[in-house]
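Structural description and commentary
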Amino acid sequence: MNPGYIRQLFYTVLFIFSIACLFSACKKRDIIPNHSTLDTNTVAIDSIAKIDSLPSFNGPAGVAVDAAGNIYVADYGNNLIRKITPAGVVSTFAGSGNQGITDGAGTLAAFDAPTGITADASGNLYVADAGNNLIRKITPTGVVSTVAGSDSTGSVNGIGNAASFYDPLSVAVDGSGNLYVADAGNDEVRKITSGGTVTTFAANDTGSTANALPAGVFFNNPTGVTLDASGNVYVANYLNNTILIVNPAGTTSIFAGSALAQQGSANGPAASATFYFPNSVAADASGNIYVADGINNLIRKITPGGIVSTFAGNGLAGAVDSTGTNASFNGPAGLAVDAAGNVYVADSDNNLIRKITPAGVVSTIAGNGLQGAKNGLAIARRNKKLIKINSKNNFNLLYKPKRN
């Protein structure tokens with residue numbers, strides 16, 4: 001046989017083998033786990049097999065916690081409501097995973113891009129089902145029903161399905177069972193009584209509200225709501241980079257942030273502090289307000305006296321578990337606070353659920369960093385193998401273009 005032909009055959013086989021290796025065993029995995037102690041683009045895991053076996057989420061957008069310490073997740077990309085027990089067991093609490101509008105028990109129900117979630121004192125959950133323009137209720141046994149909304153885009157007040165919303169993104173409940181909704185597409189905060197009657201609580205259209213807004217104050221894509229013990233409603237005013245406060249009488253003012261809608265991450269007195277697309281808010285028992293400062297990748301804290309500080313995060317996209325500004329997040333979204341003052345974060349672009357203690361210690365509750373809908377026990381990982389990753393922001397559901 002011709003020696004030149006033999007050499008050509010050898011190199012051809014070698015090339016084919018190399019290509020096979022590239023697309024199989026030698027292919028680099030796209031993994032975003034956490035527990036790095038090095039930098040925001042270096043992560044530590046036990047093994048790829050262990051990561052793949054852990055519970056997973058897909059763009060978690062909202063979190064709630066009940067009196068028993070169970071954490072509920074609005075798993076936006078999976079169209080599911082997930083549950084995490086205090087022991088760390090992740091399960092599907094409601095939803096089939098398919099986009100839909102079906103009421104029913106557990107996995108017989110269907111959602112479309114559930115975004116915000118809250119729990120009342122009786123353990124009922126309320127969900128801002130953004131893709132369906134509905135507010136849904138889930139009983140402690142997992143039975144899903146529709147509280148208000150008509151699956152059509154609008155700003156109609158009324159009872160139950162006679163009302164309409166436009167991309168409701170967050171929901172909060174007070175001690176009397178009234179719901180407050182960040183109706184982002186309508187630039188409104190809506191109120192739903194325990195009997196299902198929907199009204200406009202605060203909005204730019206002063207003709208539909210009891211109080212005119214002060215000069216320079218207006219709603220611009222409100223995406224998060226929470227309440228304090230006095231009944232004040234706090235609003236993450238996303239595109240204006242402000243946190244608004246609406247008192248029980250419906251009077252709105254700026255609680256923190258620049259009236260000029262200035263972007264930034266400056267701390268200090270509320271009037272001079274800045275945010276960059278704040279998307280969610282949560283209140284603790286002492287009246288502190290926590291803010292998911294999305295583009296800044298920070299969790300901010302505002303005292304009742306109006307002093308803004310960085311509670312956790314270094315501002316870089318990452319998944320580092322540490323204390324305070326040594327930790328990192330990637331597109332933090334929904335927030336919830338438990339009775340002990342722990343803050344829970346839907347770390348959306350990391351596909352993780354994180355916890356911050358009152359002392360600022362950040363840990364990961366559940367999630368393997370990969371997009372998925374796996375259930376099971378969330379097991380802590382040891383730092384053994386390092387993999388480089390490239391972080392990216394892809395949680396873009398919060399901007400809602402206005403209707404003409």
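Everything discussed here concerns the structure shown above.
Structure report, in brief. (Residues numbered from 1 in each chain as written. Predicted model: local features only at pLDDT ≥ 70, side-chain atom pairs only at ≥ 80, totals over all residues. Heavy atoms only, no water.)

1. Comments concerning the packing of aromatic side chains
How we decide: Any two of the Phe, Tyr and Trp rings considered here, Trp counted by its six-membered ring, make a pair once their centres fall within 6.5 Å; the pair's planes then place it as stacked at under 30 degrees, edge-to-face at over 60, or tilted in between. Counting from the N terminus, the helices are DSSP H or I runs at least four residues long and the strands are E runs at least two residues long. Think of it in three bands: with a 1.4 Å probe and only protein chains considered, a residue is buried below 20% of the maximum accessible area for its type, exposed above 50%, and partly exposed in between. Over a ring means this: the NZ of a Lys or the CZ of an Arg is within 6 Å of the ring centre and within 35 degrees of the ring normal.
Under the definition given, this model contains six aromatic pairs. With 5.2 Å between their ring centres and 70° between their planes, Tyr 180 and Phe 201 make a pair best called edge-to-face. With Tyr 180 in strand S13 (residues 179-183) and Phe 201 in strand S15 (residues 197-203), the pair connects residues that are 21 residues apart, well separated along the chain. Exposure remark for Tyr 180: the relative accessible area of 6% places this residue in the buried category. Classification of Phe 201 as buried rests on a relative accessible area of 12%. Aromatic rings pair up to connect Tyr 238, Tyr 276 and Phe 277 into one cluster. Over the ring of Phe 111 we find Arg 136; its NZ or CZ atom is 4.9 Å from the centre of that ring.

2. Examining the sheet that holds strand S17 (residues 233-237)
Inclusion rule: Strand pairing is defined by DSSP finding a minimum of two bridges between the two strands. Where helices are involved, their axes are fitted lines through C-alpha atoms of the stretch in contact, as for all axes, and angles between N-to-C directions lie from 0 to 180°.
On the basis of which strands lie adjacent, the open sheet formed by four strands has the order S16-S17-S18-S19 and antiparallel pairing. Only two strands of the sheet have a single neighbouring strand rather than two, namely strand S16 (222-227) and strand S19 (252-256). Taking the axes of each pair of neighbouring strands and ignoring which way they run, one obtains an average angle of 30° across the sheet. As paired strands, S17 and strand S18 (residues 242-246) are joined by five bridges and run antiparallel to one another. Considered in S18, the bridge of Asn 237 is made with Thr 242.

3. Focus: the pattern of salt bridges
Selection rule: Any carboxyl oxygen of Asp or Glu that lies within 4 Å of a side-chain nitrogen of Lys or Arg is treated as forming a salt bridge with it.
Applying the stated criterion across every chain yields a total of eight salt bridges. Measuring nitrogen to oxygen at the nearest pair gives 2.8 Å for the salt bridge that ties Arg 136 to Asp 103. Here Asp 103 lies in the loop between strand S5 (89-94) and strand S6 (104-105) and Arg 136 lies in strand S9 (residues 134-138), a separation of 33 residues in the sequence. Note that Asp 347 is salt-bridged to Arg 354, the shortest N-O span being 2.7 Å. Assigned by exposure class, Asp 347 and Arg 354 land together as buried. If you follow the salt bridges from partner to partner, you end up with Asp 103, Asp 129 and Arg 136 in one network.

4. Re the sheet that holds strand S27 (residues 352-356)
Ordered by their spatial adjacency, four strands build an open sheet running S25-S26-S27-S28, and the pairing between neighbours is antiparallel. Each edge of the sheet is formed by a strand with only one pairing partner; in this case those strands are strand S25 (332-337) and strand S28 (362-366). In this sheet, adjacent strand axes meet at a mean angle of 30° when their direction is disregarded. Across four bridges, the pairing between S27 and S28 is antiparallel. In the strand pairing of S28, Ile 356 is matched with Val 362.

5. Considerations on the side chain of Asp 338
Selection rule: A residue counts as positive if it is Lys or Arg and as negative if it is Asp or Glu; His and the chain ends are not included. In the analysis that follows, any N or O atom pair within 3.5 Å is treated as a polar contact, provided that within protein one partner can donate a hydrogen and the other can accept it, and provided that, for residues neighboring in sequence, both atoms belong to side chains. Note on contacts: a residue pair qualifies if any of its non-hydrogen atoms lie within 4.5 Å across the two residues.
Its location among the elements puts Asp 338 in the loop between S25 and strand S26 (343-347). Of the side chains with opposite charge, Lys 355 lies nearest to the buried Asp 338, which makes no salt bridge, at 5.7 Å. Here Ala 340 takes part through its backbone nitrogen, which lies 3.0 Å from a polar atom of the side chain of Asp 338. Other than its neighbours up to four places away in sequence, Asp 338 contacts Val 65 and Tyr 344.

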